[in-house]
Amino acid sequence: MERYVEDHHKRRLTERVDIITAINILRSQGCEYDDLIEEITKVFYVDLDAFNEIVMAA
């Protein structure tokens, strides 16, 4: 998937609901679990602890 956003345009994802929404959108577009972190950080600054908790629980 081709996504790129300049760093100064990135939104912060710190709320679990926002991270889950982003993951669900990526998954619906065919993104594999192994590629989620790479794809999501192209577009957002992500709370990595929350991201890892969500992915591990899935």
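Since the structure is predicted, the reported quantities are computational estimates derived from the model, not experimental observations.

1. What about the packing of helix α1 (residues 16–28) against helix α3 (residues 48–57)?
Here comes step 1: In the contact formed by α1 and α3, the axes pass within 10 Å of each other and the chain directions differ by 60°. For the element pair α1 / α3, the angle class is oblique. α1 and α3 meet at a crossing whose hand is right-handed. Counted together, R16, I19, I20 and I23 of α1 and A50, F51, E53, I54 and V55 of α3 form the full contact between these two elements.
Here comes step 2: Looking at the contact of α1 with α3 residue by residue, the class counts come to 7 nonpolar, no polar and 2 charged.

2. Structural notes on the environment of I54
Here comes step 1: Inspection of the secondary structure puts I54 in helix α3.
Here comes step 2: Given the relative accessible area of 11%, I54 is considered buried.
Here comes step 3: Separated by 31 residues in sequence, I54 and I23 place their C-alpha atoms 9.3 Å apart.

3. So, the pattern of salt bridges
Here comes step 1: Inspection of the entire model under this criterion finds 3 salt bridges.
Here comes step 2: Across the pair R16 and E53 runs a salt bridge, and its minimum N-O distance is 3.2 Å. Note that R16 is positioned in helix α1 and E53 in helix α3, a separation of 37 residues in sequence.

4. Here we look at the packing of aromatic side chains
Here comes step 1: Applying the stated criterion to the full structure yields 0 aromatic pairs.
Here comes step 2: Above the face of the Y33 ring, R27 is positioned so that its terminal group lies 4.1 Å from the ring centre.

Rules used throughout
- Throughout this document, residue positions are counted from 1 along each chain, in the order its sequence is written.
- A pLDDT threshold of at least 70 governs which residues receive local features in this predicted model, and a stricter bar of 80 or more applies before side-chain atom pairs are shown or counted, although totals over entire chains, interfaces and linings include all residues.
- Just so you know, side-chain values use all the structure's heavy atoms and leave hydrogens and water out.
- Every axis corresponds to a line fitted to the C-alpha atoms, with the helix fit spanning only the stretch in contact, and the corresponding angles, defined between N-to-C directions, vary from 0 to 180 degrees.
- Strands are runs of DSSP state E lasting at least 2 residues, helices are runs of H or I lasting at least 4, and numbering of each runs from the N terminus.
- Working rule for angles: under 35 degrees goes down as roughly parallel, over 145 as roughly antiparallel, 65 to 115 as roughly perpendicular, anything else as oblique.
- Take the far helix as the reference: if the near one is turned anticlockwise from it by less than a right angle, the crossing is left-handed, and if turned clockwise, right-handed.
- We call two residues contacting when some pair of their heavy atoms lies within 4.5 Å.
- In this classification, the charged set is Asp, Glu, Lys and Arg, the nonpolar set is Ala, Val, Leu, Ile, Met, Phe, Trp, Tyr, Cys and Pro, and all remaining amino acids, among them Gly, are polar.
- Relative accessible area decides the class of each residue, using a 1.4 Å probe on protein chains only: under 20% of the type maximum gives buried, over 50% gives exposed, and in between gives partly exposed.
- Any Lys or Arg side-chain nitrogen found within 4 Å of a carboxyl oxygen on Asp or Glu counts as a salt bridge.
- Side-chain rings of Phe, Tyr and Trp (the six-membered ring for Trp) are treated as a pair once their centres are within 6.5 Å; stacked means planes under 30 degrees apart, edge-to-face means over 60, and tilted covers the remaining angles.
- Criterion for a charge above a ring: Arg CZ or Lys NZ at most 6 Å from the ring centre, at most 35 degrees from the ring normal.

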